[in-house]
There are 4 protein chains.
Amino acid sequence: MEDMRAPDFPELVNGLLEDVKKVYRMSSGRVFVFPSSGTGAWESAITNTLDRGDRVLMSRFGQFSLLWVDMAQRMGLEVELCEVDWGKGVPLEAYRAALAADKDHSIKAVFATQNETATGVTSDIEGVRRVLDETGHPALLFVDGVSSIASIPFEMEKWGVDLAVSGSQKGFMLPAGLGILGVSDKALEVNRRRNKAGMERCYFSFEDMIALNDTGYFPYTPATQLLRGLRAALDMLLAEGMEQVWARHAYHAEGVRRAVAAWDGCELVAAGPEWASDTVSAIYTPEGVDARDVIAGAYKKYQTSLGTGLNKLAGRAFRIGHLGSLNPVMLCGALSAAEMALIDAGAKITPGAGVAAAQDHYRTGR
Amino acid sequence: MEDMRAPDFPELVNGLLEDVKKVYRMSSGRVFVFPSSGTGAWESAITNTLDRGDRVLMSRFGQFSLLWVDMAQRMGLEVELCEVDWGKGVPLEAYRAALAADKDHSIKAVFATQNETATGVTSDIEGVRRVLDETGHPALLFVDGVSSIASIPFEMEKWGVDLAVSGSQKGFMLPAGLGILGVSDKALEVNRRRNKAGMERCYFSFEDMIALNDTGYFPYTPATQLLRGLRAALDMLLAEGMEQVWARHAYHAEGVRRAVAAWDGCELVAAGPEWASDTVSAIYTPEGVDARDVIAGAYKKYQTSLGTGLNKLAGRAFRIGHLGSLNPVMLCGALSAAEMALIDAGAKITPGAGVAAAQDHYRTGR
Amino acid sequence: MEDMRAPDFPELVNGLLEDVKKVYRMSSGRVFVFPSSGTGAWESAITNTLDRGDRVLMSRFGQFSLLWVDMAQRMGLEVELCEVDWGKGVPLEAYRAALAADKDHSIKAVFATQNETATGVTSDIEGVRRVLDETGHPALLFVDGVSSIASIPFEMEKWGVDLAVSGSQKGFMLPAGLGILGVSDKALEVNRRRNKAGMERCYFSFEDMIALNDTGYFPYTPATQLLRGLRAALDMLLAEGMEQVWARHAYHAEGVRRAVAAWDGCELVAAGPEWASDTVSAIYTPEGVDARDVIAGAYKKYQTSLGTGLNKLAGRAFRIGHLGSLNPVMLCGALSAAEMALIDAGAKITPGAGVAAAQDHYRTGR
Amino acid sequence: MEDMRAPDFPELVNGLLEDVKKVYRMSSGRVFVFPSSGTGAWESAITNTLDRGDRVLMSRFGQFSLLWVDMAQRMGLEVELCEVDWGKGVPLEAYRAALAADKDHSIKAVFATQNETATGVTSDIEGVRRVLDETGHPALLFVDGVSSIASIPFEMEKWGVDLAVSGSQKGFMLPAGLGILGVSDKALEVNRRRNKAGMERCYFSFEDMIALNDTGYFPYTPATQLLRGLRAALDMLLAEGMEQVWARHAYHAEGVRRAVAAWDGCELVAAGPEWASDTVSAIYTPEGVDARDVIAGAYKKYQTSLGTGLNKLAGRAFRIGHLGSLNPVMLCGALSAAEMALIDAGAKITPGAGVAAAQDHYRTGR
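What you see is a predicted model, and the numbers here were worked out from it, not measured in a lab. (Residues numbered from 1 in each chain as written. Chains lettered and ligands numbered in written order. Predicted model: local features only at pLDDT ≥ 70, side-chain atom pairs only at ≥ 80, totals over all residues. Heavy atoms only, no water.)

A. Spotlight on the UniProt feature "modified residue: N6-(pyridoxal phosphate)lysine" (unreviewed entry) in chain A. Residues and elements named next belong to chain A. If you check UniProt for "modified residue: N6-(pyridoxal phosphate)lysine" (unreviewed entry), the listed places come out as K170 in our numbering. Structurally, the position occupied by K170 is in the loop between β8 (163-167) and β9 (178-183). Take K170: its relative accessible area is 24%, and that puts it in the partly exposed class. Apart from residues no more than four positions distant in its own chain, K170 is found in contact with T117, V146, S147 and L323. (UniProt positions renumbered as here; feature names shortened; annotations may be inferred. Helix = DSSP H or I, 4+ residues; strand = E, 2+ residues; numbered from the N terminus. Buried < 20%, exposed > 50% of the residue type's maximum accessible area, 1.4 Å probe, protein only. Contact = heavy atoms within 4.5 Å.)

Below you can see the structure in the form of structure tokens.
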């Protein structure tokens, strides 16, 4: 264990927090790095800027947006909820209507899950900002970027995002254990002005983090090994360049989608190309094929972990993650595993068809 | 990254939680393992069993007991606070008086820091239980065991402890990143009965953990690599036997104390042998010697991290940790570093005196 | 660095050497583990049992059997050489003729490369023993098992092999750095009786190894970290069971061969199914397709190292290794890389055809 | 396993060999890096530049110089041997006499062990060169630098050394497994001109290494992981600067010698300060104290590996290595272990005396 109070520890911490901001594309504001999962960073965003009883605008279209709504309600927020078909994402027009109707600005925050990991759906965060701007609404903009930030385009500052959550185990290519939260100057100001009667919190408090981070330290024992890993990950990401990182993810994802298109009876859960995620694909199995069989077979027979269908997708869909440190050959391997497991489970698909389609894409290079 | 939803993941989880209970010495109740520091487990203990406005009995005698009081107050508890000289620990007689006076049992919980890391003071937890029993008081007993559990005697069940906090980076010999919480059946029952109007919480909720742990999984992404490390640490601890682990820590600690006794002008912050901790020693520097110089010198010149004097001990004391995977030779090295840094900083101590005294102890074996 | 002269070091060494013998399938004789590559073990086999000017029977049908012949000649042996088309292996009938003709037993040793890594050809070692027995010839039997032992059937004792060479980086699944040599009692006896005027050697001497190994140590600094790795590898191999290990390699290899068969214009260098190796496949590219382009493309564009065509196969063939810790999904990935690189280099093969054929095999399980 | 035939493998190899030359302090000539121990590099030096029957001048004053003589004799050299008391090193005057008497230059090589690891004695290599120059003798100069190169001053080119042996596990701070050999242009020329009737060799041949290294590759599988480690070690050594590396070793060693001087009845095996090595100290135990008891006690009771007394020093001496990645605090720990083990074994030394003397030195810094 490295000494978290060593005199030269700040040399690590200072550069680290600044470089996370570069990945988030923010020049002002702050980032906080908690020893937690992304769920902890969700909670931190809420408890530091909102009060019990605050009205917030949210939408639900998958297991993770669902869980965020659940958290918001349990933390005492009054949630204005837009239900959306699983397969689509943040409903811009519904948001516009709700915000336009909120003349007295009782809605304090608007929540958007940029990438719904359960359905493989990406939402238009820039569009949410546009809706806020066009309705002249001052609410804070919360974004769940756990499976999007550091992988697909995310522009904290340009899009006016106020609180953006991510974690170490996705685009940052690290073991799980860090919850990362980007906070705009506007949100920091809200935090400073918050009613003292607001939500109790301590572990996830901004104040403590700010006080100690400003000296290059942490208010309690950080996950130092993961911080060292984060240093290495940031070096890799920034050396490649965020635009290149995003393009690489798009290139990898397209191969997977081509494979899905080549599998008879399979289709993306994402309801159209505009919704399809570049970091994870959720795939409906053909009629009569239980996705649970596909997943169990891939795991046991082919040593490959496909993602399960969560909640209402259980049995109907499986998922292939395609973010982080991957290459086309690894993806062809994963697609082979899925292909074999699908056929084993009864799907009438042509062996090799998906891999062939993916290859055709990957061969064109980028 | 291992798949946290893999069908065989519960094989890891189930045995792990059971074996943590063996280290805690509990056959009933539960343990929770959060991706967090120990501070997170503190918060979890409070928010899951207490309500805003609840009265609690606490004592303050060092930086870590101080921070716990701070957290309790910020979370909205009404703290009955016993101030104690730094160098002593939980004041049994003051606790007895407070509990005896609390005829209507308005005190819902009694807090005790078993090992105050800042002062190297160990408190008598069994004594706190005795006071509770003798006063017939039903309050819950909270223990901070971050730097004691898995190192010095701790008997969750025999001592009637209800909530006991530890972390991965001390006696469990792992990187930081796991907050571990032992919970008695009584505390679980309180949690179940809690007023729904109680404290909001989500990340650190017992309910979510219980629901998922019962199936062998976690409610959000756990720190899987650390769970694998915890498996290895538990294997080591249980193979050695907890009694042997405790004896080993006592043996190591005594050598350090002999060294301190041999350093002219130095003395333990612990106010007497009954308070001295077997996991960390805080040491007053001689008059006129700034402990900050000792620490800075040890770090820069001898590549050795001595613990800083925290809060009111700043400049007056430094600390030597002696828990976990250590041996006498490593301790003699650390004592040499301290000895050299003390002399460099102006202490009039005989070079080698401390190491000689420690050697004399270690040579007698155990 | 572990202390190679520590009192408990023999606990590692003794079990290790015994367990290597189990993998070699020998109950008598010895194994030597040198800090070297397999090439060093080749040299050890020669210099410890043969003299300059000794006549030996060898065959040449690929880069590695060629290099062994080269070594034998450079070490001063008189090599009776059977040239064989690259694509076939040890010529049993030619060996039979040479041995039958050698009435005065001037041939001191017969060499056989069990698995020619350059061509993906496996020879019939049991057959060589049969030829020796049927001609009543007493020559020693040398086997190069670098890319076969611990992967495909090898029976040191049953087949009467006298010296068998392997290395850490193939079937033992370790980093390169250990040359492993199995030696029969007969070969040990020859070593003891050897003319003192024989070949000078020191580093690779049996005598020094025997003297020290018998005490649980080594005559000079061993590669201790690799010995620890070897311990782990042996545990894995013996837990699985050698018969299962061999069956697994056959299963993996068959999928690769099915893919090759599905690639128009490609064919195995192995001249027939009886020669095809279960650990590596060398594959002729179609007419007009330079194998060097395939290999360069796979490496640069798909981050996949295909084996080069060595010596006379340069430009005409590439290789896919399929031994050690692999699974069908990894092989489908590798086949995809080869498939894409072949097409990129101009091969007229149906995209996905090879992977589909492999999948069809792997789906049937084993 | 990295691909040792990958197109970009030479990027690693070329820089590596050039940087090893910087550590050896040579701008011409070559270095060879074998997968072997240092013993292999000894053998390579001999077999590539000398013939059976060649006369060589050697000296014997410890277990390692003894083993080198043994190797030379077994390889067929005619050894002119100077016996020296164990505790001294290369006898310059005896060498001068032998070389002056060798009017017809029948002595082909002069061997010198720069640092005799068994006795902790450093010889004057520059002095050997002076003797050669002053007698006008053209013999090659062989140096065993296994425990000296990369730790104490060694000047391949300035001192006119022709063949210099080292290994990965000493000054290069790596696991064992690489034998490193520096070769002067003069020795390379001798190798090229060597009588073809000379010593057989293949694994350790210069020719093969030269042919392949010139293309950035190796003639057989190298220990790639160790080559990556060597890259890191070279970066560390060259960043610090060889003069600083040497000074650091002198500083560390002096502390150990001060400790020995403070131990009543102990003394260095080195017969005077001019012989004392900066990388290892061999220490006579007091009369009546069996060094084997000291070593066994340190290992079992204090988990510390002291070096054994080898050959005629068995029972009379133990050794403390002090080269590589160490600091004063680690050395104080090791000295404590030795001190405790000495007292346990019956030595009448003042507890802490040695550590105190070492501290006194380390405190003065450098």
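B. How the structure looks around the environment of K158 of chain A. Residues and elements named next belong to chain A. Among the structural elements, K158 can be located in the loop between β7 (140-144) and β8. K158 sits in the exposed class, given a relative accessible area of 63%. Residues K158 and E126 lie 32 residues apart in sequence; the distance between their C-alpha atoms is 8.4 Å.

C. Structural detail: the pattern of salt bridges. What the rule picks out here adds up to 120 salt bridges over all chains. For R96 of chain A, the salt bridge is made with E93 of chain A, and the minimal N-O distance between the two is 3.1 Å. Highlighted residues: R96 of chain A and E93 of chain A, both in helix α4 (residues 92-101), separated by three residues, approximately one helical turn. In this structure, E83 of chain D and R60 of chain D form a salt bridge, with 2.3 Å as the shortest nitrogen-oxygen distance. Taken together, the residues span a long stretch of sequence, with E83 of chain D in strand β3 (residues 78-83) and R60 of chain D in strand β2 (residues 55-60) at a distance of 23 residues. Judged by relative accessible area, E83 of chain D falls into the exposed class, the value being 51%. (Salt bridge = Lys/Arg side-chain N within 4 Å of Asp/Glu carboxyl O.)

D. The relation of the copies chain A and chain B, seen in detail. Screw-axis analysis of chain A against chain B gives a translation of 0.0 Å along the axis, an RMSD of 0.0 Å, and a rotation angle of 180 degrees. Seen this way, the second copy is the image of the first under a two-fold rotation axis. The position closest to the rotation axis in chain A is occupied by the C-alpha of S36 of chain A, lying 2.5 Å away. Counting the interface residues of chain A, we find that 100% of their copies in chain B are interface residues as well, pointing to one common contact surface. (Least-squares fit on C-alpha atoms with pLDDT ≥ 70 in both.)

E. Inspection of the interface of chain A and chain B at higher detail. Between chain A and chain B, the contact holds 41 residues from the first and 41 residues from the second. Buried area between chain A and chain B, both sides added, is near 3300 Å², and the carbon and sulfur share of it is 59%. Of all residues in chain A, R74, E200 and Y203 of chain A give up the largest surface area on contact with chain B, accounting jointly for 19% of the area buried on that side. In this assembly, chain A and chain B are joined by four salt bridges. The residue D208 of chain A makes a salt bridge to R74 of chain B at a minimum N-O spacing of 3.0 Å. The tally of links from chain A across to chain B stands at 18 residue pairs in polar contact (both at pLDDT 80 or more). Every element with two or more residues in the side of chain A that touches chain B is listed here: α2 (38-49), α3 (63-74) and α7 (206-213) of chain A. (Buried area = accessible area lost by both parts, 1.4 Å probe. Polar contact = N/O pair within 3.5 Å; in protein donor to acceptor, adjacent residues only side chain to side chain.)

F. Fine view of the sheet that holds strand β10 (residues 267-268) of chain D. Residues and elements named next belong to chain D. Spatially, the three strands line up as an open sheet ordered β10-β11-β12, and their pairing is antiparallel. Of all the strands in the sheet, just β10 and β12 (317-321) have a single pairing partner and so form its edges. Pairing analysis gives two bridges linking β10 to strand β11 (residues 280-284), with the strands arranged antiparallel. Counterpart to E267 in the pairing with β11 is Y284. (Pairing = 2+ DSSP bridges.)

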